[in-house]
There are 6 protein chains.
Amino acid sequence: MPQRASSVEPAAVFDLDGVVAALAQVRQRWRLAQQRSTEVGGRELPSRDALTAIMEGLRGALFPMRLGPPDLRHESEDYYVGHTLNTVLHGLLGQVRLELNYQVRHLASVDPSQLEKQTLKIIREFSESLVGIRTLLDSDVTAAFAGDPAARSVDEVLLCYPGIHAMIHHRVAHRLYKLGVPLLARVVAELAHGHTGIDIHPGATIGAGLFIDHGTGVVIGETAVIGANVRIYQAVTLGARSFPTDDAGHPVKGLARHPIVEDDVVIFAGATVLGRVTLGRGASIGGNVWVTHDVAPGAHITQAHSRQAT
Amino acid sequence: MPQRASSVEPAAVFDLDGVVAALAQVRQRWRLAQQRSTEVGGRELPSRDALTAIMEGLRGALFPMRLGPPDLRHESEDYYVGHTLNTVLHGLLGQVRLELNYQVRHLASVDPSQLEKQTLKIIREFSESLVGIRTLLDSDVTAAFAGDPAARSVDEVLLCYPGIHAMIHHRVAHRLYKLGVPLLARVVAELAHGHTGIDIHPGATIGAGLFIDHGTGVVIGETAVIGANVRIYQAVTLGARSFPTDDAGHPVKGLARHPIVEDDVVIFAGATVLGRVTLGRGASIGGNVWVTHDVAPGAHITQAHSRQAT
Amino acid sequence: MPQRASSVEPAAVFDLDGVVAALAQVRQRWRLAQQRSTEVGGRELPSRDALTAIMEGLRGALFPMRLGPPDLRHESEDYYVGHTLNTVLHGLLGQVRLELNYQVRHLASVDPSQLEKQTLKIIREFSESLVGIRTLLDSDVTAAFAGDPAARSVDEVLLCYPGIHAMIHHRVAHRLYKLGVPLLARVVAELAHGHTGIDIHPGATIGAGLFIDHGTGVVIGETAVIGANVRIYQAVTLGARSFPTDDAGHPVKGLARHPIVEDDVVIFAGATVLGRVTLGRGASIGGNVWVTHDVAPGAHITQAHSRQAT
Amino acid sequence: MPQRASSVEPAAVFDLDGVVAALAQVRQRWRLAQQRSTEVGGRELPSRDALTAIMEGLRGALFPMRLGPPDLRHESEDYYVGHTLNTVLHGLLGQVRLELNYQVRHLASVDPSQLEKQTLKIIREFSESLVGIRTLLDSDVTAAFAGDPAARSVDEVLLCYPGIHAMIHHRVAHRLYKLGVPLLARVVAELAHGHTGIDIHPGATIGAGLFIDHGTGVVIGETAVIGANVRIYQAVTLGARSFPTDDAGHPVKGLARHPIVEDDVVIFAGATVLGRVTLGRGASIGGNVWVTHDVAPGAHITQAHSRQAT
Amino acid sequence: MPQRASSVEPAAVFDLDGVVAALAQVRQRWRLAQQRSTEVGGRELPSRDALTAIMEGLRGALFPMRLGPPDLRHESEDYYVGHTLNTVLHGLLGQVRLELNYQVRHLASVDPSQLEKQTLKIIREFSESLVGIRTLLDSDVTAAFAGDPAARSVDEVLLCYPGIHAMIHHRVAHRLYKLGVPLLARVVAELAHGHTGIDIHPGATIGAGLFIDHGTGVVIGETAVIGANVRIYQAVTLGARSFPTDDAGHPVKGLARHPIVEDDVVIFAGATVLGRVTLGRGASIGGNVWVTHDVAPGAHITQAHSRQAT
Amino acid sequence: MPQRASSVEPAAVFDLDGVVAALAQVRQRWRLAQQRSTEVGGRELPSRDALTAIMEGLRGALFPMRLGPPDLRHESEDYYVGHTLNTVLHGLLGQVRLELNYQVRHLASVDPSQLEKQTLKIIREFSESLVGIRTLLDSDVTAAFAGDPAARSVDEVLLCYPGIHAMIHHRVAHRLYKLGVPLLARVVAELAHGHTGIDIHPGATIGAGLFIDHGTGVVIGETAVIGANVRIYQAVTLGARSFPTDDAGHPVKGLARHPIVEDDVVIFAGATVLGRVTLGRGASIGGNVWVTHDVAPGAHITQAHSRQAT
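Conventions adopted
Residues numbered from 1 in each chain as written. Chains lettered and ligands numbered in written order. Predicted model: local features only at pLDDT ≥ 70, side-chain atom pairs only at ≥ 80, totals over all residues. Heavy atoms only, no water. Pairing = 2+ DSSP bridges. Helix = DSSP H or I, 4+ residues; strand = E, 2+ residues; numbered from the N terminus. Buried < 20%, exposed > 50% of the residue type's maximum accessible area, 1.4 Å probe, protein only. Polar contact = N/O pair within 3.5 Å; in protein donor to acceptor, adjacent residues only side chain to side chain. Contact = heavy atoms within 4.5 Å. Phe/Tyr/Trp six-rings, centres within 6.5 Å; stacked < 30°, edge-to-face > 60°. Domains from an automatic or database assignment. Buried area = accessible area lost by both parts, 1.4 Å probe. Salt bridge = Lys/Arg side-chain N within 4 Å of Asp/Glu carboxyl O. Least-squares fit on C-alpha atoms with pLDDT ≥ 70 in both. Core = buried A, V, L, I, M, F, W, Y, C linked by side-chain atoms within 4.5 Å. Axes fitted to C-alpha atoms, helices over the stretch in contact; angles between N-to-C directions. Parallel < 35°, antiparallel > 145°, perpendicular 65-115°, else oblique. Nonpolar A, V, L, I, M, F, W, Y, C, P; charged D, E, K, R; others polar. Expected span 1.5 Å × (residues − 1). Left-handed = near helix turned anticlockwise from the far one by under 90°.

Regarding the sheet that holds strand 5 (residues 225-226) of chain B
Residue and element names in this part refer to chain B.
- With parallel pairing, 4 strands are arranged side by side in an open sheet as 2-5-8-11. Two strands lie at the open edges of the sheet, namely strand 2 (205-206) and strand 11 (278-279), each paired on one side alone.
- Summarising the sheet, strand 5 and strand 8 (residues 260-261) pair through 2 bridges and their orientation is parallel. Among the inter-strand pairings, Ile 226 is bridged to a residue of strand 8, identified as Val 261.

A look at the pairing of strand 14 (residues 300-303) of chain E
All names here are of chain E.
- The two faces of strand 14 differ: Ile 301 and Gln 303 on one face are buried, but His 300 and Thr 302 on the other face are not.
- Pairing geometry for strand 12 (residues 284-285) and strand 14, over 2 bridges, is parallel. Looking across to strand 14, one finds that Ile 285 is bridged to Ile 301.

Quick look at the side chain of His 169 of chain D
Residue and element names in this part refer to chain D.
- With respect to the helices and strands, His 169 occurs in helix 8 (residues 162-178).
- From its side chain, His 169 meets the backbone oxygen of His 165 in a polar contact 3.0 Å long.
- Beyond its immediate chain neighbours, meaning those up to four positions away, His 169 contacts Met 55, Arg 59, Val 188, Leu 191 and Ala 192.

Digging into the packing of aromatic side chains
All names here are of chain F.
- On inspection of all chains with the given rule, the structure shows 12 aromatic pairs over all chains.
- With a centroid separation of 6.5 Å and an interplanar angle of 35 degrees, the aromatic rings of Tyr 161 and Phe 211 are classed as tilted. On the criterion of sequence distance, the pair formed by Tyr 161 in the loop between helix 7 (154-160) and helix 8 (162-178) and Phe 211 in strand 3 (residues 211-212) is long-range, its members being 50 residues apart. The residues Tyr 161 and Phe 211 share a single accessibility class, namely buried.

Topic: the domain arrangement of chain A
All names here are of chain A.
- Segmentation of chain A into domains returns domain 1 (45-197) and domain 2 (204-310).
- Contacts between the two partners involve 17 residues from domain 1 and, on the opposite side, 17 residues from domain 2.
- The junction of domain 1 with domain 2 conceals about 1200 Å² of combined surface from both sides, 54% of it contributed by carbon and sulfur atoms.
- Among the residues domain 1 hides against domain 2, the three largest losses belong to Met 167, His 170 and Gly 197. Together they make up 26% of the total.
- Linking domain 1 with domain 2 are 0 salt bridges.
- Put simply, domain 1 and domain 2 have 9 residue pairs in polar contact (both at pLDDT 80 or more) between them.
- When contributions to the side of domain 1 that touches domain 2 are tallied by element, the ones reaching two or more residues are helix 6 (130-147) and helix 8 (162-178).
- For the side of domain 1 that touches domain 2, the leading source of residues is helix 8, giving 7 residues.

A few points about the pattern of salt bridges
- Evaluation of the coordinates by the stated rule reveals 90 salt bridges over all chains.
- Between Arg 66 of chain A and Asp 155 of chain A there is a salt bridge, with its nearest N and O atoms 3.2 Å apart. Pair noted here: Arg 66 of chain A is in helix 3 (residues 64-67) and Asp 155 of chain A is in helix 7 (residues 154-160), with a separation of 89 residues, a long-range link. For the pair Arg 66 of chain A and Asp 155 of chain A, a shared accessibility class is recorded, and that class is buried.
- Between Glu 77 of chain D and Arg 31 of chain F there is a salt bridge, and its shortest N-O distance comes to 2.6 Å. Highlighted residues: Glu 77 of chain D in helix 4 (residues 77-107) and Arg 31 of chain F in helix 1 (residues 16-33), drawn from two different chains.

Quick look at the relation of the copies chain D and chain F
- By a simple turn and slide, chain D fits onto chain F: the slide is 0.0 Å along the axis, the RMSD is 0.0 Å, and the turn is 120 degrees. What the superposition gives is, in effect, a three-fold axis relating one chain to the other.
- The overlap is low: 5% of the interface residues of chain D also sit at the interface in chain F, so different surfaces are used on the two sides.

Side note on the nonpolar core
- Among the nonpolar cores identified, the biggest contains 546 residues, and Ile 232 of chain A, Ile 232 of chain D together with Ile 232 of chain F are the most heavily contacted of them.
- Look past the residues within four positions of Ile 232 of chain D in its chain and what remains in contact with it is Leu 210, Phe 211, Ile 212, Asp 213, Val 218, Ile 220, Ile 226, Leu 238 and Ile 267 of chain D.

Things to note about the interface of chain D and chain F
- Contacts between chain D and chain F engage 62 residues on the former and 60 residues on the latter.
- For the pair chain D and chain F, the interface holds 5 salt bridges.
- Where chain D touches chain F, the interface holds 9 residue pairs in polar contact (both at pLDDT 80 or more).
- Elements that contribute at least two residues to the side of chain D that touches chain F include exactly helix 2 (48-62), helix 3 (64-67), helix 4, helix 5 (115-128), helix 6 (130-147), helix 7 (154-160), helix 9 (182-196) and strand 15 (307-309) of chain D.
- Counting residues per element, the side of chain D that touches chain F draws most heavily on helix 4 of chain D, at 10 residues.

Comments concerning the packing of helix 2 (residues 48-62) of chain B against helix 8 (residues 162-178) of chain B
Residues and elements named next belong to chain B.
- For the pair helix 2 and helix 8, interaxial distance at closest approach is 11 Å and the crossing angle is 105 degrees. In terms of their interaxial angle, helix 2 and helix 8 are classed as roughly perpendicular. Side by side, helix 2 and helix 8 meet where Met 55, Leu 58 and Arg 59 of the first sit next to His 165, Ile 168, His 169 and Val 172 of the second.
- Per-class residue counts for the contact of helix 2 with helix 8 are 4 nonpolar, 2 polar and 1 charged.

Focus on helix 8 (residues 162-179) of chain C
All names here are of chain C.
- For helix 8, with 18 residues, the first-to-last C-alpha span of 26 Å sits near the 26 Å given by 1.5 Å per residue.
- With 15 of 18 residues buried, helix 8 lies mostly within the body of the structure.
- Backbone geometry just downstream of helix 8 places Gly 180 in the positive-phi region, at approximately 100 degrees.

Concerning unusual backbone geometry
- Unusually for a residue other than glycine, Ala 235 of chain C sits at a positive phi of about 60 degrees.
- Along the chain, the position of Ala 235 of chain C falls in the loop between strand 6 (231-232) and strand 7 (237-239).
- Although it is not a glycine, Asp 264 of chain F sits at a positive phi angle of roughly 65 degrees.
- Within the secondary structure, Asp 264 of chain F is located in the loop between strand 8 (260-261) and strand 9 (266-267).
- Note on Asp 264 of chain F: relative accessible area 33%, which makes it partly exposed.

Observations regarding the sheet that holds strand 8 (residues 260-261) of chain C
Residue and element names in this part refer to chain C.
- The parallel open sheet is built from 4 strands, whose spatial order is 2-5-8-11. Each having just a single partner strand, strand 2 (205-206) and strand 11 (278-279) make up the two edges of the open sheet.
- Where strand 8 lies against strand 11, 2 bridges are found, and the strand directions are parallel. Across the sheet, the residue bridging to Ile 260 is Thr 278, located in strand 11.

As for the environment of Ala 269 of chain A
All names here are of chain A.
- Tracing the chain through its elements places Ala 269 in the loop between strand 9 (266-267) and strand 10 (272-274).
- When the C-alpha atoms of Ala 269 and Leu 176 are compared, they prove to be 29 Å apart, with 93 residues separating the residues in sequence.
- Leaving out residues up to four positions away in the same chain, Ala 269 has contacts with Tyr 233, Gln 234, Val 236, Gly 287 and Asn 288.

Section: the packing of helix 6 (residues 130-147) of chain B against helix 1 (residues 16-33) of chain C
- It is the contact of helix 6 of chain B with helix 1 of chain C, at a shortest axis distance of 9 Å, that shows an interaxial angle of 20 degrees. The angle between helix 6 of chain B and helix 1 of chain C falls in the class roughly parallel. Every pair of crossing elements has a handedness; the one defined by helix 6 of chain B and helix 1 of chain C is right-handed. Seen from helix 6 of chain B, the contacting residues are Leu 130, Val 131, Arg 134, Thr 135, Asp 138, Val 141 and Thr 142 of chain B; seen from helix 1 of chain C, they are Val 19, Ala 22, Leu 23, Val 26, Arg 27, Arg 29 and Trp 30 of chain C.
- Residue classes in the contact of helix 6 of chain B with helix 1 of chain C are distributed as 8 nonpolar, 2 polar and 4 charged.

As structure tokens, this is what we get:
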């Protein structure tokens, strides 16, 4: 960068050049510590803004007359869906390429020569999964309508319920996770987390008809498995108990460490279920209950409440 | 839709026509199952974006010098308020008409011939309720300032506190709920829920001077009744215990199933109060306490804590 | 305002003039009650929108290749950082001036004749603190990567983790708080609270390498002190137990009323720590545990769980 | 509008209330003079902004791969065209309804009971005319490419040439003019006039293959008739000579008062042709020439230049 | 600016640092040549974007139901006008201050100690002139409607005619010119020039009822004086003939050097009138005519046309 | 595209499917006629919107304190210039690649294997030409200030004068034209033409210090050559007389067919100069004069005016 032409200048409010230089040094230090290149080149990370736009398009393409543009009409639904999907899927293609590139450079988990082929494969398979995603989401909407006495119609559920918003994102994020782009999946999941307070890791496997009511504070971990027609209330945690470590003391990755929740289970607000335990079919877990062992099918677990008036 | 002119085309990245067709089929299946028309026509649901803009305008019209535009001046307050209200109320009129129309078609709860008249009546009564809403909100601001040692001024409270943001939305949503447009009310409530993590059902009846501190995770149910000068901390639930069902096993609607909280009650963080119980005047409920019975006026309920060092 | 030229007009949908007049009266009542001037003049409060833009710029300037614009390149990083900082810091200067002005008028905490000088001093010192802020944030990113088995890279952590988003805002807000502009600090903190559900008061003192996982529902109070390498999970509260009051019954301000958390402590989800207690170095607090006394270094506190099957 | 609550206020920079009142009076005076209603009600005029968006959509729908969105692809052209046309045509429907309403109230040229039926008829016929419009525009593009030695490709012509931009607008505007919505037509024409300096009245009848080069200053009047393959340069006027008046001295409307230009005519820059004269097939009119009589087919008219060196 | 941390970097596409340095040098050279300061400081010139927004607001405030927002209603006109004027006039105040400041620094035409007082005076007088401006513009609209057989209504004229758009800008610009802010006036005039091709210097004095038809290419000079009810067609020039120079050869400023056009004059397309000549009341100047001497009242000047067929 | 699921549908307002199909056919016909591919693929043409943004950035980078952002300050000029140039030049790189690709496919004027190398070369050379462009533009500003008695300062000239706006675009467009991307150059030229009414072909060679006053209607052809310190008024044409054709009747490309204008020439409004004639140094051409032969240095050409009073 050039030296300033004039060397005598009145003092400015702050020392801009100095701050810029100091920030460049601290970045440099970080990159050296992280063994990052400091070479010439462009951004290599996916973009949160791009994925926000992609998810907005996907929501519209999946539910055109309810989450699409206000001026949409039945007779032009297919045109809208086709045009939107084309934009969304080509946008997603760019983001997938960025993540695979990132994996090549920093994680060594992708063969560079296969990068373009794998990108196209992911997009193709993702596009084919959309019908299944919509079908599952229809079951989630139906479950919410059946499970909440305050719900007046399936449309109200789709339009208003944060649990549905979270499930739209999760079912997309889970598909991306399975297709090998976990960073994109994570960004999609966090978009919903920020909006709803519901934190579902994209790795979680979730069956049809999940109803999450209210939702704020719900946490569902990476290896959790949830069956069909499960109901979950606010502040429920399906978490890990502890992380087995290898000889070097690093957490062992890829172990199943979160609960299995079988069909028709209900988990009330604030309950905490930790570790690879199984909640048997039809069990119900009371509010604020703390569970670290298996629960038999059909069992009802409640807290022993002790109370004291003063 | 036309056949493509050219029948020999190189393969594209994905089968757009196929995906569009499959999504059309799954929509058709849903509509048949829900007994929805598949005829020609436009969107019939209210718009979240429209209500977002309406709420932004209402916040400004209610508190012009603090939540209105940055370049507003005292001498032009009335002009701003009048211009903004005109825009907001005519925008709301369109949304009310959409919801009443929806009720006519899907819920049979409105007489079609009265639709336009009822729309205008709702807008008129809503406009007349704004002064009362502002007065109640002033009491909420004062309560927050008095109740939080960290608050430096009433203006900081209005500008920053998520509890106030939630109450602005609730007091508007409750009015819409009472006027017969519960779907609009629900959307307004969810806008605040998404922003603050505070989930107040529009049906809840709330007196003057409610202070919700921190707020994330608070849930207040549809039939809850809250008196004056109540204080509530984060993660408090005022919920239902169970849903009485009719002979067919469907939840009976419209029953009072959430708590009554009398004047001057304080409920600390994480407490759960379930069912149509009454917390008597001046009672205090300790953190994380679980309450399913009435609490006498002035009583202090705390948890019996058991702790174990390992 | 002028009388309308024509006195015979058909009835409109609602009485706009009447509503505007009534709202003007209720504003006037509020101002008299708050002893506010009703004179001519402009807005005197800082702007949430302005601070939102400032924080977006700061995030980019601190982490240009990861949170900056998607088309940024290594070779122009310094230009981007310098240009963005110039815009951000001059924008912040305007907001600081607004808050100091507000303090002069309403809180009498600033000497009016020193206002401009103090404004410049705050901006200069804030600019010099940016390198320290970035260094601390690097330690937070490293801590999150080390502490979460699901994290694949430091970049995923920076891009996705709400705990990091909250810490970026907190480290900026805390600096503003220390420099004497607590209202700006509070707005910055609430921007993160709304986005992540993590509520950290700008006054809280936090050491290097804090990892907040999931985060929804976390509350950290104004006088809390947190050491290095602490880990906190969702719904943890570091709160006050009670507020000592003076003879007049008003809460005494400025007292240390929140916990001290020493280095290497882990606090699991839902735990509540209240009052000026100390969690000793290396202690761990189990999920949902309620703590109101000191905890010895290295101690492991867990809940005595009582469970009852029905 | 309400009286201000406080009657003693310091003087503001300007007398806002006084200016507003005075402007209300001058509007009232205008309305009385124009015999306009001053009653309650909304805007009744079409919107320039709405028509700007409609024209942008139409340009894209007519030439999707060249004037449509940059990310469009061949395989999704039909989806884009269908979605865009649906939006554009329903938007146009609203504007047509506004103009017909205006005609009912102010021009008495429409039977109110037929208004809705006529609106739909106009939209239907306009939609059916789009193929013809595109075909004519293709001929204009071809003509420009053939007529300009500087043109490198038909795509450059479509993308860059102001004459083509003007013709897209004219061919749409002329259709609207013929369908009975001359005000919409005029707005569309003025959008092109503002952009290109080419002023073609929507009433002008223009055959295939018109090439307007450079174009600034071209004026073509309402009753002009132009044949096929005509070429026109900048600053050419096809105007009226005088307006016959009726007994009351008002101009007689609807008379043919502009030139007829037959096929294959060329009119060079700055030429002026006035009145209902005919330029015969293949004639050429030289630069700056002034024509007020018929010109024989094949004739070449040039100016007698007198020049004087000093 | 700091030295780059790493001295060995691969070559980038272009030498960004080199280009930036070279551009800094050429700016420095310019500033030295123009005797400009190169010191620290902010922008001192008015902003085209700010004036664009101000003019859009003024057009709406002057003609609310026709050029204001599409959702405006009669019953809220005054609120809209008041709110818009407040924004516009305070925005203009900032621009006036910038220009006066500029005059102090570079033109020495303003007494610095009077700057703020003069700024307020200009705004106050401008606000008081708005009624007169609207009244004159009403006369322009009426004149256009009367003068064009193609005009169907006064509303079409206001909405569509570029001559009216130019006159709205001119009548505002002329007022600013007279109040002592000629640079702002010039920017306003150029906004209309760019949009319509009509170039009226803000200094020109224009009476009521001017109708400029088509307009492209019209030029009206700084000292031109135009009476009432004048009609002008496209490409008419009212220009200067030559510039008297002082002894040093510099043009003498402030001399009347453009034509005087008396009431009821008509000037047809392409006519050129140069110098301080007078076109007497009711005269008409034919198309393309060149006039450099006075024209008697009522005279009709036409070109002697010579034509030659080849 | 899929068949619609339901075959019995009420009639819609218009036949959307039919219109879409018909437009697809007419596009197909055009592509066959133009021998265009109809295959799968994306857009291949440069984007007007992209070039609009690029030119806005370039104007700011060339004149940061006058055409850059309003909040720019002297001390951060270099940062702004560097950041903006980086964005602009990489944006331009993408547009250059699009045009070269287009040349490969449709004009066969580029060797495909050299495409990327040539793209980079063009950007590098363009970046190096910016200093020269700025220097020439400084001379244009100085010339305008010297040549117009109404100009108050060089800053007013840069900010307001359409002739300067046109020259900024021309000097950039001419550079692009010389570098081998004439389509980009043409789009840049048309952006200025649309804004100012000044139509300069990017091929025209123009020396230092050109002043175009008023400008509307000026046309300067592709092979025109203009010396230093030339002054041109509105509606001046420097055009071609006729196009020599080859044996097949096609215009011969690349011939010099526009005038040469030597240093210090003045051409007054409306003058037309046609063909490869030379206007000798210091000559002046009067208003409306028609020139098709060489003019001697220093000569003054005026029109022989004939006038007739009636």
